[in-house]
Amino acid sequence: MDQPRKIVIVDDNKDYLFATETLLTRNGYEVMTAEDGKIGIELIKTEKPDLILLDVMMETLFSGFEVCRQLKQDPDLKSIPVISISGMGDEINVQFNKDSDNEYFSPDEFLEKPVDRDLLLRKISGLLS
């Protein structure tokens, strides 16, 4: 039997962590969570997940940006797909633009909160296939 694919969720919203962990677990993924960027980086280094769900705006305004930058600069971690999830469009009226923002922030996918569950599962499946 195949091992379930491993996903790390890094988000400071406990309700979101619980709901997303439940969704992914019910869909056959092994899920680990971290409530801040520092813990998230350590968990990712230890677990080497197949995919990362990363909130952009956590304990500080740009902490998710910093986590993504560190991941993409680490030779051991840079190939792990990152789906960045944020409510920054609603919260600070900023929209992510992959073409112009890729220089300093380069997730593989970007989704706005609230995230449609089916869309999230399709994005995860696409990046893991």
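The text that follows walks through the structure, step by step, so that each part is easy to find. The numbers attached to residues start from 1 for each chain and follow its sequence in the written order. Local features in this predicted model are restricted to residues whose pLDDT is 70 or higher, and side-chain atom pairs enter the listing and the counts only when it is 80 or higher, whereas totals over whole chains, interfaces and linings include all residues. The side-chain quantities take in all heavy atoms of the structure and omit both hydrogens and water.

1. Section: the sheet that holds strand β4 (residues 82-86)
Stage number 1. Paired strands, as defined in this entry, are two strands with at least two bridges between them according to DSSP. Each helix is a run of H or I in the DSSP string that is no shorter than four residues. Each strand is a run of E no shorter than two, and both are numbered from the N terminus. With respect to topology, 5 strands assemble into an open sheet ordered β2-β1-β3-β4-β5, the strand pairing being parallel. Strands with a single pairing partner mark the edges of an open sheet, and in this sheet they are β2 (30-34) and β5 (109-112). The sheet shows a mean angle of 20 degrees between the axes of neighbouring strands, taken without regard to direction.
Stage number 2. In this sheet, β4 lies alongside strand β3 (residues 51-55) in parallel orientation, the contact comprising 4 bridges. From the neighbouring strand, Leu54 faces β4, where its bridge partner is Ser84. Axes, fitted as lines to C-alpha atoms, cover a helix only where it is in contact. Angles between the N-to-C directions of the axes lie from 0 to 180 degrees.

2. Digging into helix α6 (residues 117-128)
Stage number 1. To estimate how far a helix should reach, multiply one less than its number of residues by 1.5 Å. Spanning 12 residues, α6 covers 17 Å between terminal C-alpha atoms, matching the ideal 16 Å at 1.5 Å per step.
Stage number 2. Contacts are assigned to residue pairs that have any heavy atoms within 4.5 Å of one another. Its buried side turned inward, α6 meets β1 (6-10), α1 (14-26), β3, β4 and β5.
Stage number 3. Put simply, Asp116 is the residue that caps the front of α6, since its side-chain oxygen is 3.1 Å from the backbone nitrogen of Asp118. Nitrogen and oxygen atoms within 3.5 Å of one another constitute a polar contact, given that in protein one can donate a hydrogen and the other can accept it, and given that sequence-neighbouring residues count only through two side-chain atoms.

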